[in-house]
Amino acid sequence: MKPLESTGDRDLLSAYTYPWKKILIGIFITAACALSAVAIGSVYIPAFSIFSILFSKLFFFQGSDHLTPSSHTIIWDIRFPRVVLALLVGASLGISGATYQGLFKNPLADPYLIGVASGASLGATLVFLTGLPFTYGYFSLLPVASFCGGLAAVYIAYLISHNSGDTQLSTLLLAGLAIGAFATAITGILMLRSDPDLRPLLSWLMGGFIRAQWNHSILMIPYMAVGTIFILGYSRILNTMQLEEYYSESLGVDVEKTKRVLIISATLMTSAAVSFSGLIGFVGLIAPHVIRLLWGTDYRTILPLSGIAGAAFLVLADLTARTIISPVELPVGIITALVGSPFFVYLLLKSKRTIENGY
Amino acid sequence: MLKKILLSCSLTIAFILATFACSSTDPKNPNPAAPASTPLPAPTKTYNQLLPATPIAAIIPTTVLKEIGSADKKGKRQNKYFPVPTPEPTQTLVAEFPLTVIDRNGEDIVFTQPPERIVAYDAAAVETIFKIGQGHRIIGTHSWVSYPAEVANIEKVGDAFNMNIERIVALEPDLVFLFYPTFKEELEKAGLKVLLLESVDDNLMKMANTFRIWGQITGSPNEAESLAKNFENRVGKIESVLSSYHSGPSVFQDVGDLWTPGSNTLMGNVFNLLKLQNIANDVDNYGQLSPEVIIDRNPQFIISSNPELIYTNPAFQNLLPVKNKSVFKANDDYLGISGPRFILGVEDLAFEFYPGLFK
Amino acid sequence: MAIKIQDVSYNYGHEDVIKKINLDFVPGQLVSLVGPNGAGKTTLLKLISGVLEPASGQIHIYDQLSENLSHKERALLISLVPQNPNLPLEMGITDFIMLGRNPHLKLLQWESAADFKIAQESIDLTEIDHLIQRKLGEVSGGERQRIMLALAMTQRSPIMLLDEPTSNLDISHQTKVMSLIKKIHDQKSNDGATILAIHDLNIAAQFSDRVILFSEGIVAVDGTPEEVLTKNNIEAIYGSEVSIIPHPEHGSPLIIS
């Protein structure tokens, strides 16, 4: 190719740099939220004790002798595992929500709207009802079952949209909605036909972290890590996927393969989140949108920051859920729905306005 | 939506005793959680003021049996006992018809003769009717009723969530008994006679009255009277054994996922009778208690339907009942149904927690 | 040979829209595909770009069988400017143009300064540097066309396919965009080729090195604008009477209906 004549030294564009600064600020804010969440609870424990325990655990020295055993238990065996699990689940929902939105080119896509979470909870319900033990050492059946359920839901939705002539993602979205409703109905039937004591199952489906333990976080991390690595790896490709499919292909994107990788990864993360915390809606919707409003459409920024925002949001929601009517707790899903529903309406109105303006 | 419906329905069933509770305690001003040394507010007074020492009977032609704690038409709950004439306890009772029973909504339900074909949609009612020898009158119930064994031959016309109204109509019952109002209107529209009594939820002694009401309705007042008497005597015995005690040990009951009964529940009432200090005394009805609150309040006894979940939770390892492996497995068949066997569950607790006092 | 089309057929359902076409595109030419609506020019463009696969026959791109090319390999050889695609309206124009570097980047690779320099050159050539702070939803039709040209240019592929690049544009923008396409074509090395499907015969006549006139799925006439756009050819294929005079400035045929 002939060299193009440069029109001068004007540098309108500057090279992308990874949004480290934003990510670091985000992590800092999230860490502050997490520490506050550890410090605040139904039982008053001086903030000093939290740091004392944290440092003694981090650096293996015996610094927390002055603490009563009960405050040690409350901090280390109740609040910390709970906050950590909320961070992991929030991050997973944030990242997978952003991925689904990017993939379906629909700002309202959310693991709960496209049937993934319903499929995952159907899978987990089956495990619940068969009475199989959930965990074998560090292997847990629950995320595997929910992953199968979630993936089956997406796959069936995908087949339906494929057979309808094309793999237009809007068809996929609608099919996902239908499959999700179907899975929810099956879950309902299973529950109705089962043993009368549904409290554990229902309480689990409602979502929450009341049973959070350290080993839940440990079990969750591999699923989350695998999903995150693939999704972040594909984040630049996801930008290209914002064009129509043939246009993306003309830019060298293997659209079918990208869809497969991203759907499987996002479903894996959603399912792991569902299996450890039940159904918690709106996190995957809100987090990516806040980031989009702040920092635009580049998925290399949106994806990691959605994870961070989701983590912070869910930790704060859980903090609210467990302290607002202390000593009793609310299901965290109620809090996320209270914040999320108005936000959802706002998005609906906004997208309607965009259409009316002819864009 | 389904999730919420299922949850609310399940709570209705699961916490039979709680859902329609008339709160005798002002929720704005609940009893603060009693620290281990605080004496209980002399519980015996409560029963004696509320209930007559002697049973209902010797009824003049049109008997009015007002259900205790009935509601006015607006559904606002009152908590007053309708006083009735006092008979001689030894006197032989005669069933008198027509009989008027005032239902939960304050409406008069008139019986001209004992109903022959009863659909009793409530485990406690089924048990009571069998206990007073009138089980042959029951032609239908719901699928979760399993006691007494004869129930196996009685047609199941639905479960807690669904009622097969067509089937009920086809059975041609002359009375349908309900403990929750969901299907009342439909059944009445179908031309059936429906009796909706409030569940016994906040006052243990009301149970005896319910037995008597069933005795009147089914025309076997003597059997009902002796059942009620037996109940009252056994409660009285516990009361008198414990009368010299000012306050007993602290207790936490886990009915599943840390849901626990508060002071204004039937179980709260049982704890008062047993002079146990419920650590969830400040909970209104049933609530999911924060785990850290449980650790902070450090109960001396734990009652759970699934002790394994308590034992395996790392956060609870320092609680005395966990250390001693002494979490008491409650018999849900007894304490879950406010019928004739309920007192057995109460006595189990008395034996368990005061091993020296009760034989 | 830039593109070699051998016995290619394509059908939508039972309707054959391309019937056993044979065509060669030599490097260095700007070629216009013209013909009445439904003659098959856009379909041929889609077949070359790989959006559609031929029902029979073979397409070679630089001597490589088209169907054996991966999306990436094809994107390195062919860039596409589609007709009125749905664009993500919230996307920034810089981000959009940078997507053109996608075929050159590995999975985890990010755009380097060199990539930005290439995008900068496209922006300068298409004269849209005043737009780059905007979003795709905030520009006019003519600007949008130039932005899509900038994207295709940034791809730096030797072959550029354009589907009706001047449709929906007013006459001044039509000329601007076509001059730009010509400029981009001229900037390319001699290996390159530019192929556009276009319904406006005068634009085809004015800017093309070669015009291919399609009729009912076959190549009716193929040659220089002067050879192809004759009164007889046009009247035979379009079925309406026209007059042809030389363009007063360029001397290319000017068709008047």
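Residues numbered from 1 in each chain as written. Chains lettered and ligands numbered in written order. Predicted model: local features only at pLDDT ≥ 70, side-chain atom pairs only at ≥ 80, totals over all residues. Heavy atoms only, no water.

1. Structural notes on the overall build of chain B
Then, number 1: Scanning chain B for helices and strands turns up 14 helices and 14 strands.
Then, number 2: Within chain B, the proportion of its 359 residues that are buried is 57%.
Then, number 3: Counting only contacts in chain B whose residues sit at least 6 apart along the sequence, the fraction spanning at least 24 positions is 64%. (Helix = DSSP H or I, 4+ residues; strand = E, 2+ residues; numbered from the N terminus. Buried < 20%, exposed > 50% of the residue type's maximum accessible area, 1.4 Å probe, protein only. Contact = heavy atoms within 4.5 Å.)

2. Quick notes on the overall build of chain A
Then, number 1: Across its full length, chain A holds 14 helices and 3 strands.
Then, number 2: With 359 residues in all, chain A has 57% of them scored as buried.
Then, number 3: Residue pairs in contact within chain A that sit at least 24 positions apart in sequence constitute 75% of those at least 6 positions apart.

3. A word on the side chain of A:Ser118
All names here are of chain A.
Then, number 1: One can find serine 118 in helix 4 (residues 116-130).
Then, number 2: Of note is the side chain of serine 118, whose polar atom sits 3.5 Å from the side chain of threonine 184.
Then, number 3: Ignoring any residue separated from it by four or fewer positions in sequence, one finds serine 118 in contact with Gly180, Ala183 and Thr184. (Polar contact = N/O pair within 3.5 Å; in protein donor to acceptor, adjacent residues only side chain to side chain.)

4. Some details on the pairing of strand 13 (residues 301-304) of chain B
All names here are of chain B.
Then, number 1: Here strand 13 shows two buried faces, one formed by Phe301 and Ile303 and the other by Ile302 and Ser304.
Then, number 2: Bridge analysis of strand 13 against strand 14 (residues 328-329) gives 2 bridges, and the strand direction is parallel. In the sheet register, serine 304 faces strand 14, and the bridge partner there is lysine 329. (Pairing = 2+ DSSP bridges.)

5. Considerations on the sheet that holds strand 10 (residues 259-261) of chain B
Then, number 1: Read from one edge to the other, the open sheet built from 3 strands follows the order 3(A)-12(B)-10(B), with strand pairing classed as antiparallel. Looking along the sheet, the strands with just one partner apiece sit at the ends: strand 3 (328-329) of chain A together with strand 10 of chain B.

6. Let's talk about the packing of helix 8 (residues 214-233) of chain A against helix 11 (residues 255-277) of chain A
All names here are of chain A.
Then, number 1: Packing of helix 8 against helix 11 brings their axes to within 8 Å, and their N-to-C directions diverge by 160°. The angle between the axes of helix 8 and helix 11 places the two elements in the roughly antiparallel class. Note that helix 8 runs across helix 11; the crossing there is left-handed. For the pair helix 8 and helix 11, contact is made by His216, Leu219, Met220, Tyr223, Met224, Val226, Gly227, Thr228, Phe230 and Ile231 and by Val261, Leu262, Ser265, Ala266, Leu268, Met269, Ala272, Ala273 and Phe276, respectively.
Then, number 2: Its residues assigned to classes, the contact of helix 8 with helix 11 comprises 15 nonpolar, 4 polar and no charged. (Axes fitted to C-alpha atoms, helices over the stretch in contact; angles between N-to-C directions. Parallel < 35°, antiparallel > 145°, perpendicular 65-115°, else oblique. Left-handed = near helix turned anticlockwise from the far one by under 90°. Nonpolar A, V, L, I, M, F, W, Y, C, P; charged D, E, K, R; others polar.)

7. Topic: the nonpolar core
Then, number 1: Within the largest apolar cluster, 102 residues are counted, with the highest numbers of intra-cluster contacts made by A:Val89, A:Phe209, A:Leu314, B:Leu289, B:Ile294 and B:Phe316.
Then, number 2: Looking at this core element by element, the count peaks at 17 residues for helix 3 (residues 69-104) of chain A.
Then, number 3: Core analysis: the second largest hydrophobic core is formed by 61 residues, B:Ile129, B:Ala224, B:Trp259 and B:Met267 among them. (Core = buried A, V, L, I, M, F, W, Y, C linked by side-chain atoms within 4.5 Å.)

8. Describing the interface of chain C and chain A
Then, number 1: The interface is formed by 51 residues belonging to chain C together with 35 residues belonging to chain A.
Then, number 2: Summed over both sides, the interface of chain C with chain A buries roughly 4000 Å², with 61% coming from carbon and sulfur.
Then, number 3: If you sort the residues of chain C by the area they bury against chain A, C:His71, C:Asn102 and C:Trp110 come out on top, with a joint share of 18%.
Then, number 4: Scanning the region where chain C abuts chain A turns up 1 salt bridge.
Then, number 5: A salt bridge links A:Arg300 to C:Glu111; its shortest N-O distance comes to 2.8 Å.
Then, number 6: Viewed at the interface, chain A and chain C are joined by 7 residue pairs in polar contact (both at pLDDT 80 or more).
Then, number 7: Contributions of two or more residues to the side of chain C that touches chain A are made by helix 2 (71-77), strand 6 (78-81), helix 3 (93-98), helix 4 (113-126), helix 5 (141-154) and helix 6 (171-187) of chain C. (Buried area = accessible area lost by both parts, 1.4 Å probe. Salt bridge = Lys/Arg side-chain N within 4 Å of Asp/Glu carboxyl O.)

9. Things to note about the packing of aromatic side chains
Then, number 1: Applying the stated rule across the entire model yields 15 aromatic pairs over all chains.
Then, number 2: With a centroid separation of 6.4 Å and 15° between ring planes, the pair formed by A:Tyr246 and A:Tyr247 is classed as stacked.
Then, number 3: Overall, the relative accessible area of 0% leaves A:Tyr247 in the buried class.
Then, number 4: When the ring of C:Tyr10 is compared with that of C:Tyr12, the centres are 5.2 Å apart and the planes differ by 85°; the resulting orientation is edge-to-face.
Then, number 5: Three or more aromatic residues joined by ring pairs form one cluster here, namely A:Trp76, A:Phe80 and A:Trp214.
Then, number 6: One residue, C:Arg210, lies across the ring of C:Phe25, its end atom 5.3 Å from the ring centre. (Phe/Tyr/Trp six-rings, centres within 6.5 Å; stacked < 30°, edge-to-face > 60°. Lys NZ or Arg CZ within 6 Å of the ring centre and 35° of its normal.)

10. Quick word on the environment of A:Leu93
Then, number 1: Residue position: A:Leu93 is located in helix 3.
Then, number 2: Apart from the residues lying within four places of it in its own chain, the contact partners of A:Leu93 are A:Tyr112, A:Ala273, A:Ile280, A:Val283 and A:Gly284.

11. Some remarks on the sheet that holds strand 2 (residues 15-25) of chain C
Residues and elements named next belong to chain C.
Then, number 1: With antiparallel pairing, the 4 strands of this open sheet are ordered in space as 2-1-4-5. With partners counted over all chains shown, the strands left at the sheet margins are strand 2 and strand 5 (64-65), one partner each.
Then, number 2: Of the strand pairs in this sheet, strand 1 (residues 3-12) and strand 2 are connected by 7 bridges, and their pairing is antiparallel. Bridging from a neighbouring strand, lysine 4 pairs with aspartate 24 of strand 2.
Then, number 3: In the packing of helix 1 (residues 41-49) onto the sheet, contacts are made with strand 1, strand 2 and strand 4 (56-61), and the angle to strand 1 comes to roughly 120°.

12. A word on unusual backbone geometry
Then, number 1: In the segment running from A:Ser326 into A:Pro327, the intervening peptide bond is cis, with an omega of 10°.
Then, number 2: Structurally, the position occupied by A:Pro327 is in the loop between helix 13 (299-323) and strand 3.
Then, number 3: Cis geometry is found at the peptide bond from B:Tyr147 to B:Pro148, where omega equals -5°.
Then, number 4: Among the secondary structure elements, B:Pro148 is positioned in the loop between strand 5 (138-141) and strand 6 (155-156).
Then, number 5: Non-glycine residue B:Asn285 carries a positive phi angle of around 50°.
Then, number 6: Tracing the sequence through the fold places B:Asn285 in the loop between strand 11 (277-278) and strand 12 (286-289).
Then, number 7: We classify B:Asn285 as partly exposed; its relative accessible area is 22%.

13. Brief notes about the confidence of the model for chain A
Residue and element names in this part refer to chain A.
Then, number 1: Of the residues in chain A, 82% reach a pLDDT of 70 or more, and the chain-wide mean stands at 82.
Then, number 2: Averaged over each element, pLDDT in chain A is lowest for strand 1 (residues 135-136) (56) and highest for helix 13 (95).
Then, number 3: Taken as a whole, residues 1-10 scores under 50 in pLDDT and shows 15 contacts with residues more than four places along the chain or in a different chain. (pLDDT = per-residue confidence, 0-100.)

14. Details of the pattern of salt bridges
Residue and element names in this part refer to chain C.
Then, number 1: According to the stated counting rule, one finds 28 salt bridges over all chains in the structure shown.
Then, number 2: With a closest N to O distance of 2.7 Å, aspartate 222 and arginine 210 form a salt bridge. A residue pair is termed long-range when its members are at least 10 positions apart, and aspartate 222 in strand 10 (residues 218-223) and arginine 210 in strand 9 (residues 210-215) qualify at 12 residues.
Then, number 3: Overall, aspartate 222 belongs to the partly exposed group, its relative accessible area being 35%.
Then, number 4: You can call arginine 210 buried: its relative accessible area is 10%.

15. Quick look at a nonpolar patch on the surface
Residue and element names in this part refer to chain A.
Then, number 1: On the surface, Phe51, Phe55, Leu58 and Phe59 cluster together to form a nonpolar patch covering roughly 410 Å² of accessible area.
Then, number 2: Position of phenylalanine 59 relative to the elements: it lies in helix 2 (residues 47-59).
Then, number 3: Residue class for phenylalanine 59 comes out exposed when judged on its relative accessible area of 53%. (Patch = residues over 30% accessible without salt bridge, like charges linked within 9 Å, V, L, I, M, F, W, Y side chains within 5 Å. Areas by Shrake-Rupley, 256 points an atom, 1.4 Å probe, with all protein chains shown as cover.)

16. Quick notes on the confidence of the model for chain B
Atomic detail in the predicted coordinates should be set aside for any region of low pLDDT.
Residues and elements named next belong to chain B.
Then, number 1: Of the residues in chain B, 74% have a pLDDT of 70 or more, and the chain-wide mean is 75.
Then, number 2: For the stretch residues 1-88, pLDDT sits under 50, and the model shows 193 contacts to residues farther than four places along the chain or on other chains.
Then, number 3: Across the assembled chains, the prediction reports ipTM 0.91 with pTM 0.80.

17. Here's the deal with a positive patch on the surface
Then, number 1: Taken together, the side chains of A:Lys257, A:Arg260, C:Lys72 and C:Lys106 make up a positively charged region of the molecular surface.
Then, number 2: Mapping A:Lys257 onto the fold places it in helix 11.
Then, number 3: Classification of A:Lys257 by relative accessible area gives partly exposed; the value is 41%. (Lys, Arg positive; Asp, Glu negative; His and termini not counted. Charge placed at Lys NZ, Arg CZ, Asp CG, Glu CD.)

18. Structural notes on the packing of helix 3 of chain A against helix 11 of chain A
Residue and element names in this part refer to chain A.
Then, number 1: With their axes 9 Å apart at the nearest point, helix 3 and helix 11 run at an angle of 150° to one another. By the angle class used here, helix 3 and helix 11 are roughly antiparallel. Here helix 3 runs over helix 11; the crossing is left-handed. Contacts from Leu85, Val89, Ser92, Leu93, Ile95, Ser96, Thr99, Tyr100 and Leu103 of helix 3 reach helix 11 at Lys259, Leu262, Ile263, Ala266, Thr267, Met269, Thr270, Ala273, Phe276 and Ser277.
Then, number 2: Looking at the contact of helix 3 with helix 11 residue by residue, the class counts come to 12 nonpolar, 6 polar and 1 charged.

19. A look at helix 1 of chain C
All names here are of chain C.
Then, number 1: Counting buried positions along helix 1 yields 7 of 9 residues, so the element is predominantly enclosed.
Then, number 2: Taken residue by residue, helix 1 has Lys41, Thr43, Leu44, Leu45, Leu47, Ile48 and Ser49 as its buried positions.
Then, number 3: One or two positions beyond helix 1, positive phi appears at glycine 50, with a value near 90°.

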